Amino acid sequence: MIESIDNTRWWQRIWAAFIFFTRLPFWRIYQPPQACYRTVVEHWPLVGWLTGGIMALILWFGPAIMPYSIAVLAAIICRVLITGALHEDGLADFFDGFGGGGNDRERILAIMKDSHIGTYGVLALILYFALLFLTLFNMPPLYAALAVLAGDAYSKLVAGQIILFLPYARTEETAKNRTVYRKMSVPAGISMFLQGVLLLIPILYIGITNETLQWELVIFVPCIVMYFLYYMMLRKLQGYTGDCCGALFLLVELSFYLNIMIQTC
């Protein structure tokens, strides 16, 4: 019998999020109760502090020992290795499903669950990585470092709202990871909000002070992208899946970086 979430501690739920969203061996140190994995989205932005922080360090200090283009590439590769390409796998499955499934809900779900990658998925990954690299490369190093530090956590905050707006599209038995995320409580929502916005402060402060960034665009453009994708999921799936969450995060994050790049170049 799975332990109730109410009987778990906050630190166990955070630990579960780091185990779930990364491939770092946190599980070797401690394995939290299975119920904790239903709350991992609530601590998703906090995981972004780790992945975004590591990318930011590479982007800021890397150019001292290597060309800036290699530092950008190294930062991207480092995050892919840390997460095990979890979100990128979701992006590929999302585009395969929505690109090849038409308006047939069951066909879309079947394609997304298939372990083989299709043409839409390959093209999505190529275009995504090309845009991500060019966007970060064309930012000044300081803005690139601050952007990934803020954008990783903030985009996970925005993407994570999908579990409030839509039901899970599969059953728990047919889910890839056998886990259905719970609806967030008010305290969990406040905690997630703080996790997602605190790291926005440095880049917004510098950008507004130097008159290079409009804070409204930085904050709201990713939300508009999220709404567009939410509407697509609502119309075609009447719900979301784990792959949808991964794709939603990467596309929202990319819009965050593109917005900052356009304003700072």
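Our structure is the block above this text.
So, here is what we can say about the structure in this document. Note that the structure is predicted; figures quoted are calculated from it, not measured. (Residues numbered from 1 in each chain as written. Predicted model: local features only at pLDDT ≥ 70, side-chain atom pairs only at ≥ 80, totals over all residues. Heavy atoms only, no water.)

Turning to the overall build of the protein, a few remarks are in order. Along the protein, the regular secondary structure elements total 13 helices and zero strands. The order of helices and strands in the protein, counted from the N terminus, is α-α-α-α-α-α-α-α-α-α-α-α-α. Taken over C-alpha atoms, the radius of gyration comes to 18 Å for the protein, in line with the 18 Å a tight globule of 265 residues would show. With 265 residues in all, the protein has 51% of them scored as buried. Taking all contacts inside the protein whose residues are at least 6 apart in sequence as the whole, residues at least 24 apart take part in 77%. If you sum the accessible surface of the protein, you get close to 12,500 Å²; carbon and sulfur atoms cover 69% of it. The average position of the 17 basic charges and that of the 17 acidic charges among the side chains of the protein differ by 5 Å. (Helix = DSSP H or I, 4+ residues; strand = E, 2+ residues; numbered from the N terminus. Rg over C-alpha atoms; globule rule 2.2 N^0.38 Å. Buried < 20%, exposed > 50% of the residue type's maximum accessible area, 1.4 Å probe, protein only. Contact = heavy atoms within 4.5 Å. Areas by Shrake-Rupley, 256 points an atom, 1.4 Å probe, with all protein chains shown as cover. Lys, Arg positive; Asp, Glu negative; His and termini not counted. Charge placed at Lys NZ, Arg CZ, Asp CG, Glu CD.)

Our focus in this paragraph is the packing of aromatic side chains. All told, the structure shown has 18 aromatic pairs when counted by the stated rule. Pairwise contacts between aromatic rings join Phe20, Phe21, Trp44, Tyr181 and Phe249 into one cluster. (Phe/Tyr/Trp six-rings, centres within 6.5 Å; stacked < 30°, edge-to-face > 60°.)

A few words now on the packing of helix H8 (residues 141-160) against helix H13 (residues 242-264). Close contact between H8 and H13 brings their axes to 9 Å; oriented N to C, the two are set at 145 degrees. The chirality of how H8 crosses H13 is right-handed. Taking contact as the criterion, the partners of Tyr143, Ala147, Val148, Ala150, Gly151, Asp152, Tyr154, Ser155, Lys156, Val158 and Ala159 in H8 are, on H13, Cys245, Leu248, Phe249, Val252, Glu253, Phe256, Tyr257, Ile260 and Thr264. Counted by class, the contact of H8 with H13 contains 14 nonpolar, three polar and three charged residues. (Axes fitted to C-alpha atoms, helices over the stretch in contact; angles between N-to-C directions. Left-handed = near helix turned anticlockwise from the far one by under 90°. Nonpolar A, V, L, I, M, F, W, Y, C, P; charged D, E, K, R; others polar.)

With that settled, the discussion passes to the nonpolar core. Judged by nonpolar contacts, the single largest core of 79 residues is most densely connected at Phe98, Leu136, Ile162, Ile203, Met233 and Tyr240. For this core, the element with the highest residue contribution is H13, accounting for twelve residues. Among residues more than four places away in sequence, those in contact with Tyr240 are Ile162, Ile163, Leu166, Pro167, Tyr168, Ala169, Tyr181, Met233 and Cys245. (Core = buried A, V, L, I, M, F, W, Y, C linked by side-chain atoms within 4.5 Å.)

Following the sequence through the fold, Lys156 ends up in helix H8. Setting aside its immediate chain neighbours within four residues, Lys156 contacts Trp44, Pro45, Val47, Gly48, Thr51, His87, Met192 and Phe249.

Topologically, Trp60 is positioned in helix H3 (residues 44-61). C-alpha of Trp60 to C-alpha of Leu142: the two residues are 82 residues apart in sequence and 6.6 Å apart in space.

This next bit is on the pattern of salt bridges. Inspection of the entire model under this criterion finds five salt bridges. Where Asp152 meets Arg79, a salt bridge forms, and the shortest distance between an N and an O atom there is 3.1 Å. Here the residue Asp152 occupies a position in helix H8, and Arg79 occupies one in helix H4 (residues 68-83), the gap between them amounting to 73 residues. Per residue, the accessibility class of Asp152 equals that of Arg79, and both read buried. Between Glu106 and Arg105 there is a salt bridge, and its shortest N-O distance comes to 3.0 Å. The class of Glu106 is exposed, set by a relative accessible area of 51%. The exposure class assigned to Arg105 is partly exposed, which follows from its relative accessible area of 24%. (Salt bridge = Lys/Arg side-chain N within 4 Å of Asp/Glu carboxyl O.)

Before going further, it helps to examine helix H5 (residues 86-100). Each full turn of the α-helix corresponds to 3.6 residues, which orients residues three or four apart in the same direction. For H5, which comprises 15 residues, the first-to-last C-alpha distance of 21 Å matches the rise-based estimate of 21 Å (1.5 Å per residue) to within 8%. Turning to H5, its buried residues are His87, Glu88, Gly90, Leu91, Ala92, Asp93, Phe94, Asp96, Gly97 and Phe98. (Expected span 1.5 Å × (residues − 1).)

The next subject is unusual backbone geometry. Even without a glycine there, the phi angle at Ala85 is positive, about 55 degrees. Of note, Glu211 is a non-glycine position whose phi angle comes to about 55 degrees, a positive value. Among the structural elements, Glu211 can be located in the loop between helix H11 (200-209) and helix H12 (215-236). Take Glu211: its relative accessible area is 74%, and that puts it in the exposed class.

This part is about the packing of H8 against helix H10 (residues 186-197). Direction vectors running N to C along H8 and H10 enclose 145 degrees, while the axes themselves pass 7 Å from each other. Each of Ala153, Tyr154, Lys156, Leu157 and Gly160 in H8 lies in contact with H10, whose residues at this interface are Met192, Phe193, Gln195, Gly196 and Val197.

Take the environment of Ala144 next. With respect to the helices and strands, the residue Ala144 is situated in helix H8. Distance in space between the C-alpha atoms of Ala144 and Tyr257 is 8.3 Å, their sequence separation being 113 residues. Those residues within four positions of Ala144 in sequence are excluded, and the remaining contacts are Leu59, Tyr68, Leu136 and Met139.

Our next topic: the state of the cysteines. Across all of its chains, the model carries zero disulfides by this definition. There is no disulfide at Cys223, and the cysteine sulfur nearest it, in Cys245, is 16 Å away. (Disulfide = S-S within 2.5 Å.)

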